[in-house]
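# Structural features, examined
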Amino acid sequence: MREEILRISGVNPSKCMKCGKCTATCPAFEKMEYHPHQFVDMVKNNQISPLLESESLYCCMTCLACEERCPRGVKPQKLIEAVQVIKLRASGANRLKPQDVAERLDPSLPQQALMAAFRKYSR
Amino acid sequence: MVYSYYPGCTLKAKAKKLDRYARECAHILEIELEEIENWQCCGGVYPGMADELATRLSPVRALREAGEKKQDLVTVCSACHHVLKRVNEDMKTSGEIRQKINAYLEPENGYEGETKVIHYLELLRDRIGFDRIKEKVKHPLNGKKIAPYYGCLLLRPFQVMNFDDPENPSIMEEFLLAIGAQPVHYALKNECCGGYVTVEDEKFASEKSSSIMEAAMDQGAKGMITACPLCKYNLENGGLKEDIPVYYFTELLAEALGVKEQEEGT
């Protein structure tokens with residue numbers, strides 16, 4: 001599974017020098033059990049099962065602050081997305097189902113929010 | 001000058017003002033925006049994984065159509081712009097993605113990322129020029145204090161977006177000065193509004209967007225501008241007791257150019 005994550009994300013976690021800048025800048029920091037730098041470290045060390053089971057997978061807002069501010073070009077966001085994608089690709093693993101959003105459909109919610117959420121939370 | 005134009009889904013529905021004023025102002029500025037025929041939704045988010053091909057098809061179709069007409073492709077929505085620019089970069093730089101997508105779409109007429117994708121703000125700055133816009137302003141905003149809100153998608157990753165300094169951008173400030181407003185400097189102009197997470201956790205997105213609006217208000221902002229319908233939605237739903245209006249940048253441009261009637265107090 002580690003190889004698959006590295007292949008689809010194109011990330012090389014060995015480039016990380018553990019400065020923690022990705023986590024320090026992450027706007028979802030307080031919500032995450034595993035922080036961006038931990039994703040990088042845990043994928044590197046093949047500790048993927050805890051990540052797959054963690055709610056942290058769904059905290060990322062894809063703001064790309066971690067990617068922009070990483071001094072080593074590691075792209076932690078891509079790694080988080082890769083673990084999320086692997087999880088969601090399993091049959092029946094969709095995080096978001098159409099019936100779930102009915103109550104959230106307030107009249108001003110832009111279409112792009114639904115489109116993006118379905119792309120991020122289901123396969 | 002004629003440009004291809006990609007409005008995107010939200011601009012046809014919930015964000016009609018962003019689209020309408022972009023078109024009307026372009027007309028005043030002697031720019032012709034030719035809407036791509038049969039464009040499809042960009043997908044809302046960039047498909048970051050190397051093996052996601054189907055989700056790259058609709059951006060490529062739009063990019064290729066502009067390319068066939070030898071026109072640059074103008075977008076207004078931050079999300080569409082982000083997705084189109086990054087998928088275009090993939091077609092330019094990833095041999096595998098390019099080969100597979102071209103093999104599916106139309107093998108004899110391959111697309112290799114030739115189209116230049118530009119945001120409407122870049123059109124204003126680089127093709128028309130803020131000086132010229134200033135000359136065309138009929139109703140300047142009289143020094144109204146407006147906070148430019150960039151968010152994430154216009155700026156990052158800089159390596160691909162190449163839009164403005166990702167940590168200290170200035171294009172919106174220059175725009176505001178050109179239409180006679182006073183840009184407000186504040187701390188969180190390029191931080192995340194909460195994005196699509198609002199669908200899953202509205203409260204969390206509200207926390208993000210309300211802290212951004214508060215930072216702008218602390219510096220005296222009387223309004224904010226954005227290029228993104230989802231940023232606007234999140235900022236407006238931050239749940240602050242007192243808040244300030246959030247405008248699409250094209251709305252204020254339209255007001256300044258005399259395309260749109262001036263609003264009370266604006």
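The present account deals with the structure reproduced in this document.

Analysis parameters
Residues numbered from 1 in each chain as written. Chains lettered and ligands numbered in written order. Predicted model: local features only at pLDDT ≥ 70, side-chain atom pairs only at ≥ 80, totals over all residues. Heavy atoms only, no water. Buried < 20%, exposed > 50% of the residue type's maximum accessible area, 1.4 Å probe, protein only. Helix = DSSP H or I, 4+ residues; strand = E, 2+ residues; numbered from the N terminus. Pairing = 2+ DSSP bridges. Contact = heavy atoms within 4.5 Å. Axes fitted to C-alpha atoms, helices over the stretch in contact; angles between N-to-C directions. Phe/Tyr/Trp six-rings, centres within 6.5 Å; stacked < 30°, edge-to-face > 60°. Lys NZ or Arg CZ within 6 Å of the ring centre and 35° of its normal. Core = buried A, V, L, I, M, F, W, Y, C linked by side-chain atoms within 4.5 Å. Polar contact = N/O pair within 3.5 Å; in protein donor to acceptor, adjacent residues only side chain to side chain. Buried area = accessible area lost by both parts, 1.4 Å probe. Salt bridge = Lys/Arg side-chain N within 4 Å of Asp/Glu carboxyl O. Nonpolar A, V, L, I, M, F, W, Y, C, P; charged D, E, K, R; others polar.

### Some details on the pairing of strand 1 (residues 2-6) of chain B
Residues and elements named next belong to chain B.
- Most of strand 1 sits inside the fold, with 4 of its 5 residues counted as buried.
- Relative to strand 2 (residues 32-35), strand 1 runs parallel, the two being bridged by 4 bridges. Across the sheet, Tyr5 pairs through a bridge with Glu35, a residue of strand 2.
- Examined bridge by bridge, strand 1 and strand 3 (residues 73-75) share 3 bridges and lie parallel to one another. Within strand 3, the position partnered with Ser4 by the bridge is Leu73.

### Brief notes about the sheet that holds strand 8 (residues 246-248) of chain B
Residue and element names in this part refer to chain B.
- On the basis of which strands lie adjacent, the open sheet formed by 4 strands has the order 6-5-7-8 and parallel pairing. Looking along the sheet, the strands with just one partner apiece sit at the ends: strand 6 (182-183) and strand 8.
- Bridge count between strand 5 (residues 145-148) and strand 6: 2 bridges; the pairing is parallel. Its bridge partner lying in strand 6, Ile146 is registered against Pro183.
- Here helix 12 (residues 229-236) sits on the sheet in contact with strand 7 (223-226) and strand 8, set at roughly 170° to strand 8.
- This element, helix 13 (residues 249-257), spans strand 5, strand 7 and strand 8 of the sheet and lies at about 75° to strand 8.

### What to know about the packing of aromatic side chains
- Inspection of the entire model under this criterion finds 5 aromatic pairs over all chains.
- Centre to centre, the rings of A:Tyr58 and A:Tyr121 are 6.3 Å apart; their planes meet at 55°, and the pair counts as tilted. With A:Tyr58 in the loop between helix 4 (49-52) and helix 5 (65-69) and A:Tyr121 in helix 8 (residues 111-121), this residue pair connects regions lying 63 residues apart in the sequence. You'll find A:Tyr58 and A:Tyr121 in the same group, each marked buried.
- Every member of this aromatic cluster is reached through a ring pair, and the members are A:Tyr58, A:Tyr121 and B:Tyr196.
- Here B:Arg20 stacks its cationic end above the ring of B:Tyr21, 4.7 Å away from the centre of that ring.

### Comments concerning the nonpolar core
- Ranked by internal contacts, the top residues of the largest apolar core, which has 70 residues, are B:Tyr120, B:Leu124, B:Phe175, B:Ile179, B:Ile225, B:Phe249 and B:Leu253.
- Those residues in contact with B:Leu253 that lie beyond four places of it in its chain are B:Cys25, B:Tyr120, B:Leu124, B:Ile133, B:Phe175 and B:Ile179.
- Residues A:Cys70, B:Tyr233, B:Leu240 and B:Ile244 belong to the second largest nonpolar core, which totals 65 residues.

### A few points about the sheet that holds strand 1 of chain B
All names here are of chain B.
- Read from one edge of the open sheet, 4 strands run 2-1-3-4, paired in parallel fashion. The sheet is open, and its two borders are formed by strand 2 and strand 4 (117-119), each paired with just one other strand. The sheet shows a mean angle of 40° between the axes of neighbouring strands, taken without regard to direction.
- Those strands touched by helix 2 (residues 16-28) are strand 1 and strand 2, and its axis lies near 135° from that of strand 2.
- The strands touched by helix 4 (residues 78-93) are strand 1, strand 3 and strand 4; relative to strand 4, the strand with the most contacts, the crossing angle is about 160°.

### With respect to the side chain of B:Gln71
Residues and elements named next belong to chain B.
- Relative to the helices and strands, Gln71 resides in the loop between helix 3 (54-68) and strand 3.
- Overall, the relative accessible area of 12% leaves Gln71 in the buried class.
- Within the local environment of Gln71, its side chain forms a polar contact with the side chain of Ser4, the two groups lying 2.7 Å apart.
- Apart from residues lying up to four places away in sequence, Gln71 is in contact with Val2, Tyr3, Ser4, Glu34, Ala66 and Thr115.

### Here we look at the environment of B:Leu177
- If you trace the backbone, B:Leu177 turns up in helix 9 (residues 171-178).
- Here the alpha-carbon distance between B:Leu177 and B:Gly194, two residues 17 residues apart in the chain, equals 28 Å.

### Points about the environment of B:Asp131
Residues and elements named next belong to chain B.
- As for its placement among the helices and strands, Asp131 is situated in helix 7 (residues 130-136).
- Asp131 sits in the exposed class, given a relative accessible area of 62%.
- The spatial distance from the C-alpha of Asp131 to the C-alpha of Ala178 is 6.9 Å, given a sequence separation of 47 residues.

### A look at the interface of chain A and chain B
- Listed per partner, the contact involves 43 residues of chain A and 45 residues of chain B.
- In this assembly, chain A packs against chain B so that about 3800 Å² is buried in total across both faces, 54% of it on carbon and sulfur atoms.
- Interface area lost by chain A to chain B is led by A:Met61, A:Glu68 and A:Gln112, which between them contribute 18%.
- Joining chain A to chain B, the criterion identifies 9 salt bridges.
- Its salt-bridge partner being A:Arg123, residue B:Glu52 comes within 2.4 Å of it at the nearest N-O pair.
- Joining chain A to chain B, the criterion identifies 21 residue pairs in polar contact (both at pLDDT 80 or more).
- Those elements that place two or more of their residues in the side of chain A that touches chain B are helix 1 (2-9), helix 5, helix 6 (76-89) and helix 8 of chain A.
- When its residues are assigned to classes, the side of chain A that touches chain B shows 23 nonpolar, 5 polar and 15 charged.

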